[in-house]
Amino acid sequence: MRVVSLLPAATEIVAALGMLDHLVGVSHECDYPLEVHAKPRVTHCAIHGGALASEEVDRWVSDALAAAGTLYSMDEALIRRLQPDVIITQRLCDVCAVGYESVTAFAATLPGPPHVINLDPSSVPDVLQDIRTVGAALAVPERAAEVVAGLEARIATVCTLAAGAPRRRCVVLEWIAPPYRSGHWTPELVAIAGGTEPLGRVGEDAARVPWEAVLSAAPEVLVLACCGYDLTRTMADVPLLGARPGWEQLPAVRAGQVFAVDGSAYFSRPGPRLVDSLEMLAEILHPELFAGRFPARAVRRLAPHELAGG
C-alpha cells in the first residue's frame, strides 16, 4: 500500500500506526517523526511566514484566500509518479493544507483512483476517530485500536487527577497579532486539564477577537499557542503583547502565569500529540498535581522581564 499524506497530523497518525514504510510522499510541513524528512515533498506554500511580521502573515493569508481560495499547491507530476493507493487530506481549515475539493478532483484523474481520506476533526473524540479511520483504510484496525486505547488512558489519567482541582480561567491565544481566540478541541483540552476557557469556542474555528475581549476575560493563566509557530517564533511576538494597553493589569501577567508553547507541533496538530498538549496544559494549570509527571516538552514560562510592558 502506497500512502501520500498532505498534512502533518495525518503523517503522525500513519507513524503511530507503524506504517511509515508505506508513506511515499508528505506535505512540505510534515516534520515528525524525524524519518519523514527523507520523504518526497508533494506540496508547496507561496509564503514563508517566518520572514514576515505576524500582522503581515495574517493579512497575506486573508488576501490569498479571498483571491485564490488556497495557500498551497500540489506537485501533481510527482504525485502521479508516486502512484498512491491512499491520499490523506482534510477539509477542516483552508489555512492548514491544500483545499479538499482540489485534492479530490486531482485524485479522480489518477489510476485506481486512490482512496481519499478526509480528516475533519473538531473535538478530541473526533481526533481519536480519525486514527481509527486511517487504521481501517491502511488495513491495520487492530493497531489503531491499540493506539487509541493508549491515548484514552492518558486522557483519563489527566481527567481523574484534575477532577477535584479548582477551575482556573485559562485563555489560549492561537495568534498574537492580531489576537485570535482558540477553537475546535482546545477549550475541551483546557476543561479536561482542570480549567475554563472564557474566550474559546468548542468545535468552532479559531477567530479574531478585539484585545478588549482578552482584557475582559481576565485570564488567571495565559497560554500562547500560535498556529504554525514553534516556541522560538512565538517568543519573538511576546513584545507585541507587552505594548498592548492593560497588559500589565491582566491577572496572568501579575501572577507570572503566562506560558508560550510550540503550537505548531502540539496544539494546532490534531494527531496523537494532541494528548501531549493536554498533558502540557495540565502541568501549566495545576503544577501541584502534575509537575514532573510528564516528559519535558516545548513549554516556556515567561520571566518577569519578558512580561514587562513596553
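So, here is what we can say about the structure in this document.

Moving on, we come to the overall build of the protein. Counting secondary structure elements, the protein contains 14 helices and 15 strands. C-alpha extents for the protein along the principal axes are approximately 60 × 45 × 30 Å. Residue burial in the protein is summarised as follows: out of 310 residues, 55% are buried. Here the protein has roughly 13,000 Å² of accessible surface; of this, 55% comes from carbon and sulfur atoms. Side chains of the protein give 25 positive and 36 negative charges; the mean places of these two sets differ by 3 Å.

Moving on: the packing of aromatic side chains. Evaluation of the coordinates by the stated rule reveals three aromatic pairs. Judged by centre distance (4.7 Å) and plane angle (40 degrees), the rings of tryptophan 175 and tyrosine 229 are tilted. Of this pair, tryptophan 175 sits in strand β7 (residues 168-175) while tyrosine 229 is found in the loop between β13 (221-224) and α9 (231-236), placing the two residues 54 residues apart along the sequence. As far as burial versus exposure is concerned, tryptophan 175 and tyrosine 229 are alike and both buried. Ring geometry for tryptophan 211 versus tryptophan 247: centroids 6.4 Å apart, planes at 35 degrees, classification tilted. Taken as a pair, tryptophan 211 in helix α8 (residues 211-217) and tryptophan 247 in the loop between α10 (238-242) and α11 (251-254) lie far apart in primary sequence, 36 residues in all.

What follows covers the side chain of glutamate 12. Mapping glutamate 12 onto the fold places it in helix α1 (residues 8-16). In this structure, glutamate 12 is in contact with Tyr32, Arg269, Pro272 and Arg273, ignoring residues within four places of it in sequence.

Turning our attention to the environment of proline 187. Note on placement: proline 187 falls in helix α7 (residues 186-192). Note on proline 187: relative accessible area 7%, which makes it buried. Apart from residues no more than four positions distant in its own chain, proline 187 is found in contact with Ser182, Glu197, Gly200, Arg201 and Val202.

Turning next to the packing of helix α5 (residues 124-137) against helix α6 (residues 141-162). Two elements in contact, α5 and α6, have axes whose closest approach is 7 Å; the angle formed by their N-to-C orientations is 160 degrees. The orientation of α5 with respect to α6, classified from their angle, is roughly antiparallel. Where α5 crosses over α6, the two elements pack in a sense that is right-handed. Here Val124, Leu128, Ile131, Arg132 and Gly135 of α5 lie close against α6, whose contacting residues are Pro141, Ala144, Val147, Val148, Leu151, Glu152 and Ile155. Along the lines of polarity and charge, the residues of the contact of α5 with α6 split into nine nonpolar, one polar and two charged.

Quick look at the pattern of salt bridges now. For the coordinates displayed, the defined rule picks out twelve salt bridges. Between glutamate 12 and arginine 269 there is a salt bridge whose closest N-O contact spans 2.7 Å. Taken together, the residues span a long stretch of sequence, with glutamate 12 in helix α1 and arginine 269 in the loop between β14 (258-261) and α12 (274-285) at a distance of 257 residues. Judged on exposure class, the residue glutamate 12 and its partner arginine 269 are both buried.

A few words on the nonpolar core. Counting residues in each nonpolar core, the largest one holds 58 residues, and the members touching the most others are Leu17, Ile88, Ile131, Val134, Leu138 and Val223. When residues in this core are grouped by element, the largest group, eight residues, is from α12. If we ignore the near neighbours within four places in the chain, the residues touching isoleucine 131 are Ile13, Leu17, Ala144, Val147, Val148, Leu151 and Pro272. Residues Tyr180, Leu222, Trp247 and Leu307 belong to the second largest nonpolar core, which totals 29 residues.

Contact geometry for α6 and α12: axes closest at 10 Å, N-to-C directions at 15 degrees. Relative to α12, α6 is oriented roughly parallel. You can see that α6 and α12 cross each other, and the crossing is left-handed. Facing α6, whose interface residues are Leu151, Arg154, Ile155 and Val158, α12 presents Val275, Asp276, Leu278, Glu279 and Ala282. Within the contact of α6 with α12, the residues separate by chemical class into six nonpolar, no polar and three charged.

Turning to the side chain of threonine 11, a few remarks are in order. Summarising the element assignment, threonine 11 is placed in helix α1. The class for threonine 11 is buried, based on a relative accessible area of 0%. Beyond its immediate chain neighbours, meaning those up to four positions away, threonine 11 contacts Ser5, Leu23, Val26, Cys30, Tyr32 and Val36.

A few words on the pairing of strand β5 (residues 86-90). For β5, a buried count of five out of five residues is recorded, marking the element as mostly surrounded by other parts of the structure. As paired elements, strand β1 (residues 3-5) and β5 share three bridges and run parallel to each other. Bridge pairing in β5 links valine 3 to valine 86. Two elements, β5 and strand β6 (residues 115-119), share five bridges in a ladder whose sense is parallel. Counterpart to isoleucine 87 in the pairing with β6 is valine 116.

Procedures and definitions
- Residues numbered from 1 in each chain as written.
- Predicted model: local features only at pLDDT ≥ 70, side-chain atom pairs only at ≥ 80, totals over all residues.
- Heavy atoms only, no water.
- Helix = DSSP H or I, 4+ residues; strand = E, 2+ residues; numbered from the N terminus.
- Buried < 20%, exposed > 50% of the residue type's maximum accessible area, 1.4 Å probe, protein only.
- Areas by Shrake-Rupley, 256 points an atom, 1.4 Å probe, with all protein chains shown as cover.
- Lys, Arg positive; Asp, Glu negative; His and termini not counted.
- Charge placed at Lys NZ, Arg CZ, Asp CG, Glu CD.
- Phe/Tyr/Trp six-rings, centres within 6.5 Å; stacked < 30°, edge-to-face > 60°.
- Contact = heavy atoms within 4.5 Å.
- Axes fitted to C-alpha atoms, helices over the stretch in contact; angles between N-to-C directions.
- Parallel < 35°, antiparallel > 145°, perpendicular 65-115°, else oblique.
- Left-handed = near helix turned anticlockwise from the far one by under 90°.
- Nonpolar A, V, L, I, M, F, W, Y, C, P; charged D, E, K, R; others polar.
- Salt bridge = Lys/Arg side-chain N within 4 Å of Asp/Glu carboxyl O.
- Core = buried A, V, L, I, M, F, W, Y, C linked by side-chain atoms within 4.5 Å.
- Pairing = 2+ DSSP bridges.

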